[in-house]
Amino acid sequence: MTTTLPSGSDPRQGAAPASRWELRACGRKGHATYAPDEPDLAERLSGRTGSGEVWRCLRCGDFVLGPAKASGPAEEAPLVLRGKALRSAIVLRVLAVERVLRALLLALAVYGVLRFRASRASIQEALARDLPAFRASGIRVDQLALVRDLQHALATQPSRLTLIAVLLAGYAAIEAVEALGLWLLSRWGEYFAVVATAIFLPLEVRELTKGVTVTRAGAFVINVLAVLYLLFAKRLFGLRGGRAAYDAERRGEQLLEVERSALGSAMDADRKHHPHG
Ligand SMILES: [Zn+2]
């Protein structure tokens, strides 16, 4: 239940206006109200209405009826995802889901290779038994691409199949770790994703030179965009001011910070007007 303050000032003044993403997040998780210990700041974030006290949500900026969900020093207020940080969190989580799907496909491929390795002998037996019968009946089985592929795969050494399975499993594990790091929105996850994705780009280029398919081209484009996005938007490896600029940008979007600096400049202005006060 939300209400606006009767006072004339725009409650969202100073901070970026809430987009549908903030409203959606509040709808899902509830509003993020916080009562800072600092009385001046608390006053700016709260008010009284006919129905009782209201506190400003640190995510969407609306005034919410009822006591604040949490309280403590302003320094210890929880970091709320909003603005650019919230939108980038959505991008990273979509990417994380894509990584999970890739990991699952790779795990399936590992299972397939191992199953094939285990049943190689029986497949060979079946072919040795059935192919002559087909040949005798005039069907040109040896010209079928599927049969040729199968015979080619059967000729592969079991040790080579094991190696392929191990490599695929390693790739699946990398994708799973990437997914976890991206989903948790952690700094290590961003670095891990950039390095792991960039390492495989040359391999993807080589695949593309063998033949362009929608899947290959799509995966390549997604990965190039992901690397560029992570590098520049997340300011990795010191790009665009690095970690310090990244943290400053995030803090600048926090409503509590906006209110705090507004309070600071209001007090400065006050001091100028009343230098002896
Ligand atoms: Zn809210």
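Everything below is about the structure printed above this text.
Residues numbered from 1 in each chain as written. Predicted model: local features only at pLDDT ≥ 70, side-chain atom pairs only at ≥ 80, totals over all residues.

Caption draft 1: Representation of the packing of helix 1 (residues 20-29) against helix 3 (residues 83-118) in the model. Close contact between helix 1 and helix 3 brings their axes to 9 Å; oriented N to C, the two are set at 75°. Judged on the interaxial angle alone, helix 3 and helix 1 are roughly perpendicular. Contact with helix 1, carried on its side by Trp21, Glu22 and Ala25, involves Leu86, Arg87 and Ile90 of helix 3 and no other residues of that element. Considering only residue class, the contact of helix 1 with helix 3 consists of 4 nonpolar, no polar and 2 charged. (Axes fitted to C-alpha atoms, helices over the stretch in contact; angles between N-to-C directions. Helix = DSSP H or I, 4+ residues; strand = E, 2+ residues; numbered from the N terminus. Parallel < 35°, antiparallel > 145°, perpendicular 65-115°, else oblique. Contact = placed C-beta atoms within 7 Å. Nonpolar A, V, L, I, M, F, W, Y, C, P; charged D, E, K, R; others polar.)

Caption draft 2: The arrangement of unusual backbone geometry in detail. Backbone geometry at Phe237 places phi at a positive 50°, although glycine is not the residue there. Relative to the helices and strands, Phe237 is located in the loop between helix 8 (214-233) and helix 9 (242-252). One non-glycine residue with positive phi stands out, namely Arg240, at about 50°. For Arg240, the position within the fold is in the loop between helix 8 and helix 9. Accessibility expressed as a C-beta count within 10 Å gives 13 for Arg240, which makes it partly exposed. (Buried ≥ 20, exposed ≤ 12 C-beta atoms within 10 Å, placed from the backbone.)

Caption draft 3: Expanded view of the pairing of strand 3 (residues 52-56). Bridging between strand 2 (residues 46-49) and strand 3 involves 4 bridges; their strand directions are antiparallel. Pairing of Gly47 across the sheet is with Val54, part of strand 3. Linking strand 2 to strand 3, which pair antiparallel, is a turn of 2 residues. With 3 bridges connecting them, strand 3 and strand 4 (residues 63-65) associate as antiparallel partners. From the neighbouring strand, Trp55 faces strand 4, where its bridge partner is Val64. Where strand 3 folds back onto strand 4 in an antiparallel hairpin, the turn is made up of 6 residues, including Gly61, whose phi is positive at roughly 85°. (Pairing = 2+ DSSP bridges.)

Caption draft 4: Fine view of the nonpolar core. With 20 residues, the main nonpolar core has Ala32, Tyr34, Trp55, Cys57, Leu58 and Val64 as its most contacted residues. Going through the elements one at a time, helix 1, strand 3, strand 4 and helix 10 (255-273) are the ones with two or more residues in this core. No other element matches the 3 residues that helix 10 contributes to this core. Contacts of Cys57, omitting those with residues within four sequence positions, involve Cys26, His31, Ala32, Thr33, Asp62 and Val64. In this structure, Leu106, Ala179, Leu182 and Leu230 belong to the second largest nonpolar core, which totals 13 residues. (Core = buried A, V, L, I, M, F, W, Y, C linked by C-beta atoms within 7 Å.)

Caption draft 5: Fine view of helix 7 (residues 187-210). The first and last C-alpha atoms of helix 7 sit 36 Å apart over 24 residues, in line with the 34 Å expected at 1.5 Å per residue. In the structure, helix 7 departs most strongly from a straight axis at Leu201, where the bend amounts to approximately 35° and where the proline Pro202 lies between one and four residues downstream. Among the residues of helix 7, Gly189, Glu190, Ala193, Val194 and Thr197 are the ones counted as buried. Looking at the packing, one finds that the buried side of helix 7 touches helix 6 (158-183) and helix 8. (Expected span 1.5 Å × (residues − 1). Bend = angle between axes of the 7 residues up to and from the residue.)

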